[in-house]
Amino acid sequence: MSEAYIVATARSPIGRARKGSLVDIRPDDLAAQMVAAALEKLPALDPARIDDLLLGTGQPAGEQGFNLARIVSVLLGWDAVPGTTVNRYCSSSLQTTRMAFHAIRAGEGDVFVSAGVEAVSRYPAGASDLPDAVNPRFADALARSAARTAAGTPGWCDPRADGLLPDPYIAMGQTAENVAELRGVTRADQDAFAARSQQRAEAAGAAGFWAREITPVTLADGSVVAADDGPRPGVTVEALAALDPVFRPDGTVTAGNCCPLNDGAAAVVVVSERVVDELGLQPLARIVSTGVSGLSPEIMGLGPVAASQRALARAGLTIDDIDLVEINEAFAAQVLPSARELGVDPERLNVHGGAIAVGHPFGMTGARITATLINGLNTVGGRYGLETMCVGGGQGMAMVIERV
């Protein structure tokens, strides 16, 4: 059984959706630039050897519709490279890395590109509100969610306890409010964590951390985007405390303590041990294990807990063996209880900031965090890293890597 190694990464700057630096580039063109950039770091590797191009996206509609992965391979002139597009919402490009890992371990290929893209700026109007998109069997769940939202009703309880279906279409902000209520995460806790994320990301940028992992993007007019639109400089707890809640009248989740909407793309090249030896490649990391989990869609923010526990158990490790942990910062309200239940040392958690500051282009995030985790392990000299995230619809996903 072959080991699977990450041998190259490339990730674009992250733009603010609808008003940021990447609004004028199509997602397929953006993804193609990142896939090409990752392969350019491996001159000994002929793209013809790629067994599959696996690409994740959270909203496969409009310009992100059709089979986006195949569009990218053809754009790059790789007609013989097949491609498949995957949707596991926020963990779509962590799922594609998991697929590459499994294929290599199963002996069904040696070279895979795992990529992800999200261009919220380019979403077609109404893509998520099509009249036939929602299963009518969830009408009661949707009505209950709407009523609770309007009333600001506290005290989440499992709808299945009352014989009702949970709401798989629930807005992510509502799930964050549910988790905050269920786990007692205060507004002050969330604002303090968000300020920490912004401040650490700003400090990391000043130290050159983000520049080490970003691949500049060339736009159609020839201009180049080389830096993330975030983080925001000088963010304080006091400034965050002045913001109004955005999902419930008396809620705790604000625009400041959750991630923004973003555009971006990333790619990871995963190869077998045989290819590493044959081409004399220098691996960045070994994929040790992965895990995925499910839970009520209405408290999806706690998804990292079971997923991480499964990945750690498969790796034969405990959380104390992990040098750096990256929990995707969809909401401070869900990162804090997830980290607490996993027993994560706060000084090993998102040490360079996270998505609250940097951004969260859904389909890109899995591959982006992989690049950031490798960058972080190299920076601190760590061995093991854990990447994990909550996933819309009530899931969690995690991956353990070892720096080599």
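Anything mentioned here points back to the structure above.
Here's a quick rundown of the structure. (Residues numbered from 1 in each chain as written. Predicted model: local features only at pLDDT ≥ 70, side-chain atom pairs only at ≥ 80, totals over all residues. Heavy atoms only, no water.)

**Concerning helix H9 (residues 303-315)**
Along its 13 residues, H9 runs 19 Å from first to last C-alpha, staying within 8% of the 18 Å computed at 1.5 Å per residue. Looking only at H9, the buried set comprises Gly303, Pro304, Val305, Ala307, Ser308, Ala311, Leu312 and Ala315. Where H9 is buried, its residues touch strand S9 (285-294), strand S10 (324-327), helix H10 (332-342), strand S11 (384-391) and strand S12 (395-403). Of the residues trailing H9, Gly316 is marked for its positive phi of about 70 degrees. (Helix = DSSP H or I, 4+ residues; strand = E, 2+ residues; numbered from the N terminus. Expected span 1.5 Å × (residues − 1). Buried < 20%, exposed > 50% of the residue type's maximum accessible area, 1.4 Å probe, protein only. Contact = heavy atoms within 4.5 Å.)

**Observations regarding the pattern of salt bridges**
Pairs can form between side chains of opposite charge once their charged atoms are near each other. The final tally for this structure, using the stated rule, is 16 salt bridges. With a shortest N-O distance of 2.9 Å, Glu63 and Arg122 are connected by a salt bridge. Of the two residues, Glu63 is situated in the loop between strand S3 (52-56) and helix H2 (68-75) and Arg122 in the loop between strand S5 (111-119) and helix H4 (139-151); the sequence distance between them amounts to 59 residues. For Glu63, a relative accessible area of 21% translates into the label partly exposed. (Salt bridge = Lys/Arg side-chain N within 4 Å of Asp/Glu carboxyl O.)

**Section: the packing of helix H6 (residues 187-206) against H10**
Here H6 crosses H10 at 95 degrees, and the two axes come no closer than 9 Å. By the criterion of interaxial angle, the relationship of H6 to H10 is roughly perpendicular. Touching Asp189, Gln190 and Phe193 of H6 are Ala332, Ala333, Val335 and Leu336, all from H10. Taken together, the residues that form the contact of H6 with H10 break down as five nonpolar, one polar and one charged. (Axes fitted to C-alpha atoms, helices over the stretch in contact; angles between N-to-C directions. Parallel < 35°, antiparallel > 145°, perpendicular 65-115°, else oblique. Nonpolar A, V, L, I, M, F, W, Y, C, P; charged D, E, K, R; others polar.)

**Things to note about the packing of aromatic side chains**
Under the counting rule described, the total for this entry stands at three aromatic pairs. Ring geometry for Phe209 versus Trp210: centroids 5.0 Å apart, planes at 85 degrees, classification edge-to-face. On the basis of relative accessibility, which here comes to 5%, the residue Trp210 falls in the buried class. (Phe/Tyr/Trp six-rings, centres within 6.5 Å; stacked < 30°, edge-to-face > 60°.)

**Examining the pairing of S5**
Within S5, nine of the nine residues are buried, which leaves the element mostly enclosed by the surrounding structure. Side-chain alternation along S5 places Val111, Val113, Ala115, Val117 and Ala119 on one buried face and Phe112, Ser114, Gly116 and Glu118 on a second face that is also buried. Where S5 and strand S8 (residues 262-272) come together, nine bridges link them in antiparallel fashion. Looking across to S8, one finds that Ala119 is bridged to Asp263. (Pairing = 2+ DSSP bridges.)

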